[in-house]
Amino acid sequence: MLINACICDYFLKYNKSSVVNPYGIDTSITLCYPYGMKTAISISDDIFRKIEKYAKEHNYSRSEVFAAAVQEFFKKRESQKLLDDLNKAYSVMESPEEKTIIKKGKKYYSRKVLKEKY
């Protein structure tokens, strides 16, 4: 935290103009935020009350509740994309050559592996 404050003080003292990085974020503003990006969103009053209630009951800040919700959203999207990719990959019919290889593999497995004693 102290290092961040020193960077902010130095930046604000010696760099009078804003510096825009390649990602479009004005570093003269974001350098002084110690914990992450701030943003504003619009939500209904009902959702806000639910978030406020949940945050108080579980001793979280509203920001923590929103951050957890967004992370969960991205995890679900990632899982759905993986499932869609798997379904797409397995929806393709096997070629005759692949069927022959699978059949030979099953025969080999039943002869060699299943007959071994452990």
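The structure presented is a predicted model; accordingly, all values stated were derived computationally and were not measured. Residue indices begin from 1 for each chain and proceed along its sequence in written order. Thresholds applied to this predicted model are a pLDDT of at least 70 for local features of residues and 80 or more for the giving and counting of side-chain atom pairs; totals over whole chains, interfaces and linings are not thresholded and use all residues. Note: side-chain values were computed over all heavy atoms of the structure, leaving out hydrogens and water.

## Comments concerning the pattern of salt bridges
Two side chains of opposite charge can pair, provided their charged atoms sit close to one another. Note the threshold: Only one rule defines a salt bridge in this text: a Lys or Arg side-chain nitrogen within 4 Å of an Asp or Glu carboxyl oxygen. Strands are runs of DSSP state E lasting at least 2 residues, helices are runs of H or I lasting at least 4, and numbering of each runs from the N terminus.
Taken as a whole and assessed by the stated rule, the structure comprises five salt bridges. In this structure, Lys81 and Asp85 form a salt bridge, with 3.0 Å as the shortest nitrogen-oxygen distance. Placement of both Lys81 and Asp85 in helix α4 (residues 62–91) is noted, with a separation of four residues, approximately one turn of the helix. One connected set of salt bridges, linked through shared partners, spans Glu52, Lys56 and Arg62.

## A few points about the packing of aromatic side chains
This is how the line gets drawn: The pairing test for Phe, Tyr and Trp rings, Trp by its six-membered ring, is centres within 6.5 Å, and the orientation test on the planes gives stacked under 30 degrees, edge-to-face over 60, and tilted for anything in between. Buried, partly exposed and exposed residues are distinguished by accessible area as a fraction of the type maximum, computed with a 1.4 Å probe on protein chains only: under 20%, between the cut-offs, and over 50%, respectively.
Scanning the model with the defined rule gives two aromatic pairs in all. For the ring pair Tyr54 and Tyr60, a centre distance of 6.3 Å and an interplane angle of 10 degrees mean the geometry is stacked. With a relative accessible area of 42%, Tyr60 lands in the partly exposed category. Ring centres 5.5 Å apart and planes at 65 degrees place the aromatic pair Phe73 and Phe74 in the edge-to-face group. A residue is classified by how much of its surface remains accessible, and Phe73, at 41% relative accessible area, is partly exposed.

## Some remarks on the packing of helix α3 (residues 45–57) against α4
Using the following cut-off: Only the stretch in contact is used when a helix axis is fitted, and all axes are lines through C-alpha atoms; the angle between N-to-C directions ranges over 0 to 180 degrees. An angle counts as roughly parallel when it lies under 35 degrees, as roughly antiparallel when it exceeds 145, as roughly perpendicular when it falls between 65 and 115, and as oblique in every other case. Any two residues whose heavy atoms approach within 4.5 Å are treated as being in contact.
Remark: α3 packs on α4, axes separated minimally by 9 Å, with the N-to-C direction vectors making an angle of 110 degrees. Considered as vectors, α3 and α4 are oriented roughly perpendicular to each other. Residues Phe48, Ile51, Glu52, Tyr54 and Ala55 of α3 form the contact with α4, whose own contacting residues are Arg62, Val65 and Phe66.

## Remarks on the confidence of the model for the protein chain
This is how it is decided: Scored from 0 to 100, pLDDT reflects the predictor's confidence in each residue.
Chain-level statistics for the protein chain give a pLDDT mean of 78 and a share of 68% at 70 or above. Across the protein chain, element-level confidence peaks in α3 with a mean pLDDT of 95 and bottoms out in helix α1 (residues 2–14) with 49. Scored below 50 in pLDDT, residues 1–7 makes seven contacts in the model with residues more than four places away or belonging to other chains.

## Quick word on a positive patch on the surface
Selection criterion: A residue counts toward a patch only above 30% relative accessible area and without a salt bridge, and it is joined to like-charged neighbours within 9 Å or, for Val, Leu, Ile, Met, Phe, Trp and Tyr, to nonpolar neighbours within 5 Å. Only the protein chains shown count as covering a residue, and every accessible area follows the Shrake-Rupley method with a 1.4 Å probe. All tallies of charge rest on Lys and Arg as positive and Asp and Glu as negative; His and the ends of each chain are not included. Charged groups are reduced to one reference atom each: NZ for lysine, CZ for arginine, CG for aspartic acid, CD for glutamic acid.
A contiguous patch of positive charge, built from Lys103, Lys104, Lys107, Arg111, Lys112 and Lys115, is present on the exposed surface. Secondary-structure assignment places Lys115 in the segment after α5 (96–113).

## Some remarks on unusual backbone geometry
One non-glycine residue with positive phi stands out, namely Asn59, at about 60 degrees. Inspection of the secondary structure assignment puts Asn59 in the loop between α3 and α4. By relative accessible area, Asn59 is classed as exposed at 70%.

## Observations concerning a nonpolar patch on the surface
Taken together, the side chains of Ile41, Ile43, Ile47 and Phe48 make up a nonpolar region of the molecular surface, amounting to roughly 340 Å² of accessible area. If you trace the backbone, Ile43 turns up in the loop between α2 (27–30) and α3. Take Ile43: its relative accessible area is 33%, and that puts it in the partly exposed class.

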